[in-house]
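Structural features, examined
Listed below are the residues making up each chain.
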Amino acid sequence: MADYPPLETDRLLLRPLEQADAPAIQRIFPQWEIVRYLNARVPWPYPDDGAEAFIRATLPEIEAGGHWCWTIRPKDEPERLIGLIDLRDEEHENRGFWLDPAFRGQGLMSEASAAVTDYWFDVLKRPRLAMYKAAGNIGSRNISVRQGMRVVGTGERDFVEGRMTTELWEITREEWQARRR
């Protein structure tokens, strides 16, 4: 059982990841639009037991501390998993997410990202949030821009789609809290 709370936004319920989420993740996740800009450690083609293996590997990380992972669900359909968002105490890898393409373009990931970023800064009291993004991942980039993040470095990294230009985005707790006031 997770020792961190579910979160709620105007339209979403964010529930801590559990083993029972595997079938829903397995149905949704193996789509090129979801995986192409994810870290190359994500297996592709996605194996039939990929979600089970992901959860089996992730739950012990969560229990050990330093990793928080929520499923994303619409409030009006609380049993319907539509994505995942997580926070990690890893340098430059603090937040990651994916969303079912059928639910994109509605501001849902911005809403979920704001909720977990509040948790990162307000509850966990971390000084800054940073993450690498493929420069071509326009949707993720737009969320970062809207949330006041900035590019502080560039380079190259391996993604499921291949080697790409990467941007390192960050925001400090003070910057985040000033925007939220």
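Residues numbered from 1 in each chain as written. Predicted model: local features only at pLDDT ≥ 70, side-chain atom pairs only at ≥ 80, totals over all residues. Heavy atoms only, no water.

1. Examining the nonpolar core
By size, the foremost hydrophobic cluster in this structure holds 50 residues, and its most contacted members are Leu 14, Ile 25, Phe 29, Trp 70 and Leu 87. In contact with Ile 25, not counting residues within four places along its chain, are Leu 17, Pro 30, Ala 51, Ile 55, Leu 81, Leu 84 and Trp 98. (Core = buried A, V, L, I, M, F, W, Y, C linked by side-chain atoms within 4.5 Å. Buried < 20%, exposed > 50% of the residue type's maximum accessible area, 1.4 Å probe, protein only. Contact = heavy atoms within 4.5 Å.)

2. Focus: the packing of helix 4 (residues 108-123) against helix 6 (residues 173-180)
Each pair of packed helices gets described by two things: the angle between the helix axes and the distance between those axes. Interaxial distance between helix 4 and helix 6 falls to 10 Å at its minimum, and their mutual angle equals 125°. Compared by their axis directions, helix 4 and helix 6 come out oblique. Judged by the sense of rotation from one axis to the other, the crossing of helix 4 with helix 6 is left-handed. Across the interface between the two elements, Ala 114, Thr 117, Asp 118, Phe 121 and Asp 122 from helix 4 touch Arg 173, Trp 176, Gln 177 and Arg 180 from helix 6. (Axes fitted to C-alpha atoms, helices over the stretch in contact; angles between N-to-C directions. Helix = DSSP H or I, 4+ residues; strand = E, 2+ residues; numbered from the N terminus. Parallel < 35°, antiparallel > 145°, perpendicular 65-115°, else oblique. Left-handed = near helix turned anticlockwise from the far one by under 90°.)

3. Observations concerning the sheet that holds strand 8 (residues 162-172)
If you trace the three strands from one edge of the open sheet to the other, you get 6-8-7, paired in antiparallel fashion. Whereas interior strands pair on both sides, the edge strands pair on one side only; in this sheet they are strand 6 (128-134) and strand 7 (150-159). Each neighbouring strand pair of the sheet contributes to a mean axis angle of 25°, computed without reference to strand direction. Alignment of strand 7 against strand 8, held across nine bridges, turns out to be antiparallel. Paired with Val 151 across the two strands is Trp 169, which belongs to strand 8. Sheet strands in contact with helix 4 are strand 6 and strand 8, and its direction is about 145° off that of strand 6. Taken strand by strand, helix 5 (residues 138-146) contacts strand 6 and strand 8, and its axis lies near 15° from that of strand 8. (Pairing = 2+ DSSP bridges.)

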